[in-house]
Amino acid sequence: MRGTVAVFATGVTLFALNSESTIYEMVVGAYKVTLVAAFVPLVAGLYWKRATRQGALGAILAGLVVWVVLEIAAPEGLFPPQLAGLLASIAGMIAGSLLPQWYGVKTIER
């Protein structure tokens, strides 16, 4: 855990030193990541009884992929990339939780 924190802190420090963004812009960017990757799994895990680990992984992957693709392709488009990422995260959570479970299923060995 300490190693992970040290590596992450070093990476963030290097990013901040080499970025021309203001601190406000960097904080906004950090909250976009939280919105598209963590918000839906957290809320679903707290309030939806059918939420699963597979659904959470689907939400994280779908949200991040859609958000990053739209940030690169059309950052100033008519549809904000973070909103599209949030909607994709919701869809990933629902689909991943309601589909048959492949991730985390224990098999019985005979």
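These numbers were taken from a predicted model, which means no experiment stands behind them. (Residues numbered from 1 in each chain as written. Predicted model: local features only at pLDDT ≥ 70, side-chain atom pairs only at ≥ 80, totals over all residues. Heavy atoms only, no water.)

A. Representation of the nonpolar core within the structure. Among the nonpolar cores identified, the biggest contains five residues, and these are Val-40, Ala-44, Ala-59, Leu-86 and Met-93. Listing elements by their share of this core, those giving two or more residues are α2 (23-47) and α4 (81-98). If sequence neighbours within four positions are ignored, Leu-86 has contacts with Leu-35, Val-36, Phe-39 and Val-40. (Core = buried A, V, L, I, M, F, W, Y, C linked by side-chain atoms within 4.5 Å. Buried < 20%, exposed > 50% of the residue type's maximum accessible area, 1.4 Å probe, protein only. Helix = DSSP H or I, 4+ residues; strand = E, 2+ residues; numbered from the N terminus. Contact = heavy atoms within 4.5 Å.)

B. Examining the pattern of salt bridges more closely. In this structure the tally under the stated criterion is one salt bridge. Two residues, Lys-32 and Glu-71, come together in a salt bridge whose shortest N-O distance is 3.7 Å. Taken together, the residues span a long stretch of sequence, with Lys-32 in helix α2 and Glu-71 in helix α3 (residues 53-73) at a distance of 39 residues. A relative accessible area of 23% places Lys-32 in the partly exposed class. (Salt bridge = Lys/Arg side-chain N within 4 Å of Asp/Glu carboxyl O.)

C. The arrangement of a nonpolar patch on the surface in detail. A cluster of nonpolar residues, Phe-79, Leu-83, Leu-87, Ile-90, Ile-94 and Leu-98, forms a patch on the protein surface that exposes about 500 Å² of accessible area. Relative to the assigned elements, Ile-90 resides in helix α4. (Patch = residues over 30% accessible without salt bridge, like charges linked within 9 Å, V, L, I, M, F, W, Y side chains within 5 Å. Areas by Shrake-Rupley, 256 points an atom, 1.4 Å probe, with all protein chains shown as cover.)

D. Main features of the packing of α2 against α3. Two elements in contact, α2 and α3, have axes separated by 8 Å at closest approach and are oriented at 160°. With respect to α3, the axis of α2 lies roughly antiparallel. The two elements α2 and α3 cross, and the hand of that crossing is right-handed. For the pair α2 and α3, contact is made by Lys-32, Val-33, Val-36, Ala-37, Val-40 and Pro-41 and by Ala-56, Ala-59, Ile-60, Gly-63, Leu-64, Trp-67 and Glu-71, respectively. Of the residues belonging to the contact of α2 with α3, the class tally is 10 nonpolar, one polar and two charged. (Axes fitted to C-alpha atoms, helices over the stretch in contact; angles between N-to-C directions. Parallel < 35°, antiparallel > 145°, perpendicular 65-115°, else oblique. Left-handed = near helix turned anticlockwise from the far one by under 90°. Nonpolar A, V, L, I, M, F, W, Y, C, P; charged D, E, K, R; others polar.)

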